[in-house]
Amino acid sequence: MGEAIRWDWIARGLEDPIGTAVLQHLQLSLIPIALGLLAALPLGVAAARWRRLYPPLLTGVNVLYALPSIALFFLLLPYTGLTIWTAVLPLALYTLAILVPNIVDGLDQVPGHVRQAATAMGFGPLRRLVLVELPVAVPAVIAGLRVASVATISMVSVASMVGLGGLGALILREGFNNRFATPIIVGVVLTAVLAFAVDGLLVLAQRLLTPWAPRRGSKGVR
């Protein structure tokens, strides 16, 4: 293991290429997650409202998810070139297969009497959705975001195959191409660290957005 990890290389490369690769990886991960959520919210709300839309919509996003990411990257290359959009667009589409069902499930979990009470208080459909239904659906939406985030952070590494950056480039160019184990180990470890960090931030966001939700280990009020 002492030969596999060159600590002197890590110390010299903290800013570049390691720091640069981490920032690129975050950019390539967070943008598609955000775009996926922006697209999934109206699709999920529409599917929850008009149930006939849900089966074909779910089939469509599942078919997209089944397509190999590397194939979509190469198909987009002639149109997007070596830009972040070559990775962002397919990865955003992949998140829909996870986020849309979670949003629909979250809205389905809103109790009927809660909707009725909001309507009785004079809430219109849009106001009820924003102020009542979506807040109740937050745990299910965050659960989907956690899965989508970890999957996206993992798949971003494949983007290095089409010449984009990120930790995948560190693994491929600095590691495999040079038969040098240290960048491979660093890239794999940092990818896992990023996944854990983003997952932890989403858990914190859920706690902040749902202060009314029971916590694990919390004792009931006597």
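These lines cover the structure that appears in this document, whether it is placed above or below. The structure presented is a predicted model; accordingly, all values stated were derived computationally and were not measured.

Definitions and limits used
Residues numbered from 1 in each chain as written. Predicted model: local features only at pLDDT ≥ 70, side-chain atom pairs only at ≥ 80, totals over all residues. Heavy atoms only, no water. Helix = DSSP H or I, 4+ residues; strand = E, 2+ residues; numbered from the N terminus. Contact = heavy atoms within 4.5 Å. Polar contact = N/O pair within 3.5 Å; in protein donor to acceptor, adjacent residues only side chain to side chain. Phe/Tyr/Trp six-rings, centres within 6.5 Å; stacked < 30°, edge-to-face > 60°. Buried < 20%, exposed > 50% of the residue type's maximum accessible area, 1.4 Å probe, protein only. Lys NZ or Arg CZ within 6 Å of the ring centre and 35° of its normal.

1. Let's talk about the environment of Tyr94
- Structurally, the position occupied by Tyr94 is in helix 5 (residues 85-108).
- Separated by 58 residues in the primary sequence, Tyr94 and Gly36 place their C-alpha atoms 8.0 Å from one another.
- If near-sequence neighbours (up to four positions away) are discounted, Tyr94 is found in contact with Leu64, Tyr65, Leu67, Pro68, Ser69, Leu72 and Met155.
- Within polar-contact distance, the side chain of Tyr94 engages the backbone oxygen of Leu67 at 2.6 Å.

2. Regarding the packing of aromatic side chains
- Taken as a whole and judged by the stated rule, the model has 2 aromatic pairs.
- For the pair Trp9 and Phe180, a centre-to-centre distance of 5.7 Å together with 85° between the ring planes defines the contact as edge-to-face. Taken together, the residues span a long stretch of sequence, with Trp9 in helix 1 (residues 7-12) and Phe180 in the loop between helix 8 (167-176) and helix 9 (181-209) at a distance of 171 residues.
- The interplanar angle of 85° and the centroid separation of 5.8 Å between the aromatic rings of Tyr65 and Tyr94 together place this pair among those described as edge-to-face. Here Tyr65 is found in helix 3 (residues 54-66), whereas its partner Tyr94 is found in helix 5, with 29 residues between them in sequence.
- Under the relative-accessibility criterion, Tyr65 is labelled partly exposed at 38%.
- The ring of Phe123 has Arg127 sitting right over it, with the charged end atom 4.0 Å from the ring centre.

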